[in-house]
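An overview of the molecular structure
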Amino acid sequence: REEEIWAFRPLRETFEFDSVDGFVDDRIKAAGIEAAALARPRQLIRRATFDLTGLPPSQSETREFLAAWEQDQSQAWSDLIDQLLSSPHYGERWAQHWLDVVRYADTAGFSNDYERSNAWRYRDYVIRSLNNDKPYDLFIQEQIAGDELRPGDPEAIVATGFLRMGPWGTAMIPQDEARQLYRDDVVHGIGQSFLSIPMRCCKCHDHKFDPIPTRDYYRIYAAVSATQPA
């Protein structure tokens, strides 16, 4: 039943812990397991740098961090994280995760696999959004309806490249059928990317587990039905 699925329950206003670490530490303690010892500073900078930028720290960055660690461990760690988050490589590294979610590709897929010459513009938009710490709600709105949100703004128009990220091949399909497949793919992409729910089954029947009735599928479908690729 819908009310039994944790993902759709309302968030509680108060929690026993104020961070994910608190929940993890509590389970570790209950299991009678001791946490691993704190990593050495050289390991910490490698882990953090690889995680946030996808690149190894340079020798000079390592030396500077180790020297700062000797002076003040807490401040050295805080400064390192701020430095990595302000790096342009941060957006490049973490954009790949979002691009995987939205099925980014430089070609259209299927047998013809046509080139998408301007797909990189959307890729760079995602990188800029992460590096500029764009609010997530605005990030969502721009990708679904940026051209309606801010008509004439190139950045908002590029953001709607999200709507063309799915595989696309029309060489052997009648035009009306291809149009229907495109609309269905956009609805599915919105559900999968922003709701973590596939939007395939509900176009034919109310879904057994996810609270997405058929009427909601066609309400979203109606909202995107006039979308015209350009």
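Structure shown above.
Figured I'd write up the structure that's included with this text. Being a predicted model, the structure only gives us computed values, none of them experimental. (Residues numbered from 1 in each chain as written. Predicted model: local features only at pLDDT ≥ 70, side-chain atom pairs only at ≥ 80, totals over all residues. Heavy atoms only, no water.)

Below, the discussion takes up the overall build of the protein chain. Check the secondary structure of the protein chain and you find 10 helices and 0 strands. Scaling as 2.2 N^0.38, a compact globule of 230 residues should have a C-alpha radius of gyration of about 17 Å, whereas the protein chain reaches 23 Å, well beyond that. When the backbone C-alpha atoms are referred to their principal axes, the protein chain occupies close to 70 × 45 × 35 Å. Across the 230 residues that make up the protein chain, the buried fraction comes to 29%. (Helix = DSSP H or I, 4+ residues; strand = E, 2+ residues; numbered from the N terminus. Rg over C-alpha atoms; globule rule 2.2 N^0.38 Å. Buried < 20%, exposed > 50% of the residue type's maximum accessible area, 1.4 Å probe, protein only.)

This part covers the layout of surface pockets. Rolling a probe over the atoms, with the probe sized like a water molecule, indicates the empty space that remains. Its boundaries defined by the atoms lining it, the largest pocket holds a volume of some 720 Å³. As for the largest pocket, its lining consists of 24 residues, and the residues nearest its centre are Ile157, Thr160, Gly161, Arg164 and Ala230. Elements with a minimum of two residues in the lining of the largest pocket: helix H6 (119-131), helix H7 (136-149), helix H8 (154-159) and helix H10 (214-224). Per-element accounting of the lining of the largest pocket gives the leading share, 4 residues, to H7. Its residues assigned to classes, the lining of the largest pocket shows 13 nonpolar, 5 polar and 6 charged. (1 Å grid on protein atoms, 1.4 Å probe; cavity = no way out; pocket = protein on both sides within 12 Å on 5 of 7 lines; lining within 4 Å. Points joined across faces, edges and corners; volume = space filled by probe spheres on them. Nonpolar A, V, L, I, M, F, W, Y, C, P; charged D, E, K, R; others polar.)

As a further point, take the pattern of salt bridges. As enumerated under the stated definition, the model contains 10 salt bridges in all. A salt bridge links aspartate 185 to arginine 103, with the shortest nitrogen-to-oxygen separation between them at 3.0 Å. With aspartate 185 in helix H9 (residues 175-195) and arginine 103 in the loop between helix H5 (88-101) and H6, this pair connects stretches of sequence that are 82 residues apart. Salt bridges sharing partners connect three or more residues here, namely Arg103, Asp184, Asp185, Arg200 and Lys203. (Salt bridge = Lys/Arg side-chain N within 4 Å of Asp/Glu carboxyl O.)

Another aspect to go through is the environment of glutamine 192. Positionally, glutamine 192 belongs in helix H9. Taking the relative accessible area as the measure of exposure, glutamine 192 reaches 32% and is therefore partly exposed.

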